[in-house]
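# Breakdown of the fold
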Amino acid sequence: MMRTRPLKVALLGCGVVGSEVARIMTTTADDLAARIGAPVELAGIAVRRAGRVRPGVPEHLITTDAEALVGRGDIDVVVEVVGGIEPSKSLILKAFEQGASVVSANKALLAKDGTELHAAAAEAGVDLYYEAAVAGAIPLLRPLRESLAGDKVNRVLGIVNGTTNFILDKMDTTGAGYSEALEEATALGYAEADPTADVEGFDAAAKAAILAGIAFHTKVTAADVYREGITEVTAADIASAKEMGCVVKLLAICERAADGESVTARVHPAMIPLSHPLASVREAYNAVFVEAEAAGRLMFYGPGAGGSPTASAVLGDLVAVCRNKVAGTTGPGDSVYTRLPAKPMDQVVTRYHVSLDVDDRAGVLAQVASVFAEHGVSIDTVRQQGRDGDASLVVVTHRATDAALSATVDKLRALDSVRDVASIMRVEGE
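Quantities reported herein were computed from a predicted structural model and do not represent experimental measurements. (Residues numbered from 1 in each chain as written. Predicted model: local features only at pLDDT ≥ 70, side-chain atom pairs only at ≥ 80, totals over all residues. Heavy atoms only, no water.)

Of all hydrophobic cores here, the largest spans 78 residues; its most connected members are Val-78, Leu-140, Val-153, Ile-167, Ile-210, Leu-211 and Val-290. For this core, the leading source of residues is helix α10 (residues 202-216), giving eleven residues. Those residues within four positions of Val-153 in sequence are excluded, and the remaining contacts are Leu-144, Leu-148, Ala-215, Phe-216, Arg-256, Val-290, Glu-291 and Ala-292. Within the second largest apolar cluster, 34 residues are counted, among which are Leu-11, Val-47, Val-314 and Val-319. (Core = buried A, V, L, I, M, F, W, Y, C linked by side-chain atoms within 4.5 Å. Buried < 20%, exposed > 50% of the residue type's maximum accessible area, 1.4 Å probe, protein only. Helix = DSSP H or I, 4+ residues; strand = E, 2+ residues; numbered from the N terminus. Contact = heavy atoms within 4.5 Å.)

The six strands are arranged β3-β2-β1-β4-β5-β6 in an open sheet whose pairing can be described as parallel. Two strands lie at the open edges of the sheet, namely β3 (62-63) and β6 (128-129), each paired on one side alone. Sheet topology note: the strand β5 (residues 101-104)/β6 ladder contains two bridges and is parallel. Counterpart to Val-103 in the pairing with β6 is Tyr-129. (Pairing = 2+ DSSP bridges.)

This paragraph deals with helix α7 (residues 162-174). Helix length check: α7 (13 residues) gives 18 Å between terminal C-alpha atoms against 18 Å at 1.5 Å per residue, within 8%. Extensive coverage of α7 is indicated by the burial of eleven of its 13 residues. Along α7, the residues classified as buried are Gly-162, Thr-163, Thr-164, Asn-165, Phe-166, Ile-167, Leu-168, Asp-169, Lys-170, Met-171 and Asp-172. Capping of α7 at its N-terminal end is provided by Asn-161; its side-chain oxygen lies 3.2 Å from the backbone amide nitrogen of Thr-163. Within two residues after α7, Gly-175 carries a phi angle of roughly 80°, on the positive side. (Expected span 1.5 Å × (residues − 1). Polar contact = N/O pair within 3.5 Å; in protein donor to acceptor, adjacent residues only side chain to side chain.)

Applying the stated rule across the entire model yields 26 salt bridges. Residues Lys-152 and Glu-293 are paired through a salt bridge, measuring 3.8 Å at the closest nitrogen-oxygen approach. Of this pair, Lys-152 sits in the loop between α6 (141-147) and β7 (153-159) while Glu-293 sits in the loop between β11 (285-292) and β12 (296-303), placing them 141 residues apart in sequence. The exposure class of Lys-152 is partly exposed, given its relative accessible area of 36%. Exposure remark for Glu-293: the relative accessible area of 53% places this residue in the exposed category. We note a salt bridge from Arg-361 to Asp-359, for which the minimum N-O separation is 3.6 Å. Arg-361 sits in the partly exposed class, given a relative accessible area of 44%. Exposure remark for Asp-359: the relative accessible area of 14% places this residue in the buried category. By sharing partners, the salt bridges in this structure join Arg-155, Glu-255, Arg-266, Glu-291, Arg-297 and Glu-428 into a single network. (Salt bridge = Lys/Arg side-chain N within 4 Å of Asp/Glu carboxyl O.)

Looking now at unusual backbone geometry. For the bond from Glu-86 to Pro-87, the omega torsion is 10°, close enough to zero to count as cis. Note on placement: Pro-87 falls in the loop between β4 (77-80) and α4 (88-97). Look at Arg-339: it is not a glycine, yet its phi comes out positive at around 50°. Inspection of the secondary structure puts Arg-339 in the loop between α12 (307-327) and β13 (349-359).

Okay, the environment of Lys-207 next. Tracing the backbone through its elements, the reader meets Lys-207 in helix α10. Here Lys-207 falls in the buried class, since its relative accessible area comes to 5%. C-alpha of Lys-207 to C-alpha of Glu-86: the two residues are 121 residues apart in sequence and 19 Å apart in space. Setting aside residues no more than four positions away along its own chain, Lys-207 makes contact with Lys-107, Ala-133, Val-134, Ala-135, Val-160 and Asn-161.

This part is about the side chain of Arg-54. Inspection of the secondary structure assignment puts Arg-54 in the loop between β2 (40-46) and β3. For the buried Arg-54, no salt bridge exists, and the shortest N-O distance to an oppositely charged side chain is 8.4 Å, to Glu-59. Arg-54 has contacts with Cys-14, Val-47, Arg-49 and Ile-62, leaving out every residue within four places of it along the chain. (Lys, Arg positive; Asp, Glu negative; His and termini not counted.)

What follows deals with the pairing of β7. With six of seven residues buried, β7 is to be regarded as a mostly interior element. Two strands pair when backbone bridges link them, and β7 and β11 are joined in this way by six bridges, in the antiparallel orientation. Residue pairing in the sheet places Val-153 in a bridge with Ala-292 of β11. Bridge analysis of β7 against strand β9 (residues 246-256) gives four bridges, and the strand direction is antiparallel. By the bridge assignment for β9, Leu-157 is matched with Ile-253.

Below is the structure:
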């Protein structure tokens, strides 16, 4: 039998995602009630500035006093799509104090203070759900937390930022430079007016922290994630990747060490072979591989951003926490028990693509190869092209630590025959 008293929902934020959440809640109210077992009522919408035209959003619900809305005392669920650290964190903690569950899409806050927020939710006996914080509409966090709860996840590898994937895809398919591809992404609405969070890898690093924490049952914050963006990726890097039968992607990589004593989380551009499924992820789409001991390799693919896809994830969480409210229970909380340290990047082992500008004369290749050997970095392949006294030398290594590669590059730069270390990029997916 359906409960007659409606569950009241406070919405914090009414931008691209928030307005879509409000629209879906009002237009599909009957369906949501049937799925939950109780009516759901949008009780208020907190915004920074009132007076804006928001099509499809009931004007009488708009308020600029988010704290008063959250503190009303009759709110069952707070949906937070404001973003940032404050005032979002304070509002979420206030919601918990009032006995309200929270649905959030705030990756930056969760990557920084997720453990604290989970503890506060557990103490209050309420839910904290945030499927929309990572990979948009793709169901990813709940499968990690629930479907794979009986398995051991060893690796998570994926494309979790649609803006950077769009830019790199355009550079690969059209030959555009970075600036030109970024301009197109901005014009199409994939990139913000200030794209720093995306192109410098901050967005992907926050998502990697969340993924690593859930996958490995340990505390991982954004500060633990090694981060490189795509601003230094050049058309020459894209061309070199093509010559190797590869494509360049910005990857989030979370791994459990082979000895089980540590984890790594990193975000950086990497060359991956065209045979790898991630190589075919185009435009602004996201895709994530999860490697577990019993389940094997699982791939999750779909739109990773945008109002409607992100709102879909928010509404999925809303239904889940509302069902829990009706049943008088809560869902799975934070599962942090392994307390594995995050290994620093200089100890991480991977492959490298190193492009050098060198003198076109006899003995240079042997000189370069000896530097790699001196630092214990073995060479997989070498490609050399000469031109009017200069030459380009491309070296692809076997697996080595970041520290060993850095020492190698420092020594190479000191050689008279090496005019420039043109680029260094990791190679993944093999």
